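Summary of structural features
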Amino acid sequence: MARIIGGLAVSHVPAIGRAIADNRQEEAYWTPFFEGLKPMQAWLEEKKPDLAVVLYNDHGLNFFLNAMPTFAVGAAGAYENADEGWGLPVLHPFRGDPAFSWRLIESLMADEFDLVTCQEMKVDHAFCIPLELFWPQGPAPVATVPISFNTVQHPLPSAKRAFKFGQALGRAIEREASDRKVVVIATGGLSHQLEGERAGFINKAFDQLCLEKLVSDPEYLTRYSSTELVALAGSQGTEILMWIAMAAALPAARRLISQNSHIPISNTASAAMLIEPD
Ligand code: DHB
Ligand code: FE
């Protein structure tokens, strides 16, 4: 039977991809961020998961404002990266597992999530950078299932819907008959806003509350509407939706293994965490 062995989350700022490409991890600006990932990298090295379900938001590479799915699940044999205009190097394709993806899709649909299914899917910095961060030695040694959430064009899925999606994802992985060790990885956040009058907005107190509740009581975060999340975390701070879904996918009995937060990376209050089921 498949089981979730851990939930991970990390911010996905393009400047991080540039720092990796230029090998600048040891520079003073970057060490507080990169050092904080070491316990998570070591944990992955030890536990050796087979498969990563990656909850991220596409920023216009695969989906654009003309056609924006609320939840889209990859069911491809490989996921290609492409030039998305941030000056990032284009990476190798990431390995998929279409049979596993389809079983997840069947289970999520049975749980009343009406999905967009993607037999071709390009993956942007929000998918690629976290995998480069967690497996810095090279291509991530896992099969992947990308799941894109709409955090870009309103109306967004609510925090409550993201929580329920995570619960359904947890059930889907539990129902999976093959013997796999699965990690659920959320990417994005924490507070940030890239445009408008509040460009540069960060809310450290709200981020700390989120980090604490994601471990102790993620359902707490479902009280916020999308408008409240934008007000509290910034217009791109809605990327917390994927963190809520990741936390909801894990069993209630869980513990925090490692956490790091650092302000700022580019315009973003960066953070990373690793939660393990008890
Ligand atoms: C930044 C943050 C993001 O989440 C993103 O997708 C792009 C840029 C930033 O802080 O620069
Ligand atoms: Fe983003």
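The present account deals with the structure reproduced in this document. Owing to the predicted nature of the structure, the values given are computational and were not obtained by experimental measurement.

Secondary structure assignment for the protein yields nine helices and ten strands. What you see for the protein is a C-alpha radius of gyration of 17 Å, in line with the 19 Å of a compact globule of 278 residues. Counting only residues that meet the buried cut, the protein has 56% of its 278 residues in that class. For the protein, contacts bridging at least 24 residues in sequence account for 81% of all contacts bridging at least 6. By element, 51% of the accessible surface of the protein is carried by carbon and sulfur atoms, the whole surface being about 11400 Å².

This next bit is on unusual backbone geometry. The phi angle of most residues is negative, glycine excepted, and most peptide bonds adopt the trans form. The omega torsion across glycine 189 and leucine 190 is -5°, close enough to zero to call that bond cis. The backbone of asparagine 23 shows a phi angle near 60°, a positive value even though the residue is not glycine. Inspection of the secondary structure assignment puts asparagine 23 in the loop between α1 (14–21) and α2 (31–34). In this model, serine 266 sits at a positive phi of 55°, which is unusual for a non-glycine residue. One can find serine 266 in the loop between β9 (254–265) and β10 (268–277).

Right, let's talk about the nonpolar core for a bit. Membership of the largest hydrophobic core comes to 54 residues, with the highest contact counts inside it found for Val53, Leu55, Phe149 and Trp243. Here this core takes ten residues from helix α9 (residues 240–249), the largest share from any one element. Listed in part, the 42 residues of the second largest apolar core include Ile20, Phe34, Ala126 and Leu274.

Rules of the game
- Throughout, residues of each chain are indexed from 1 in the direction in which the sequence is written.
- Labels follow written order: the first chain is A, the first ligand is 1, and so on.
- Only residues with pLDDT of 70 or above have their local features reported here, since the model is predicted, and side-chain atom pairs are shown and tallied only from 80 upward, although totals for entire chains, interfaces and linings are computed over all residues.
- Remark: hydrogens and water are excluded; side-chain values derive from all non-hydrogen atoms of the structure.
- Runs of E in the DSSP output that reach at least two residues are strands. Runs of H or I that reach at least four are helices, and both are numbered from the N terminus.
- The globule rule used here is 2.2 Å times the number of residues to the 0.38 power, and the radius of gyration it is set against is calculated over C-alpha atoms.
- Three exposure classes are used, based on accessible area relative to the maximum for each residue type with a 1.4 Å probe and protein chains only: buried under 20%, partly exposed in between, and exposed over 50%.
- Whether two residues are in contact is decided by their heavy atoms: any pair within 4.5 Å suffices.
- All accessible-area figures derive from a Shrake-Rupley calculation using a 1.4 Å probe, and residue coverage is judged against the displayed protein chains alone.
- Residues grouped as a nonpolar core are buried Ala, Val, Leu, Ile, Met, Phe, Trp, Tyr and Cys residues, joined through side-chain atoms within 4.5 Å.

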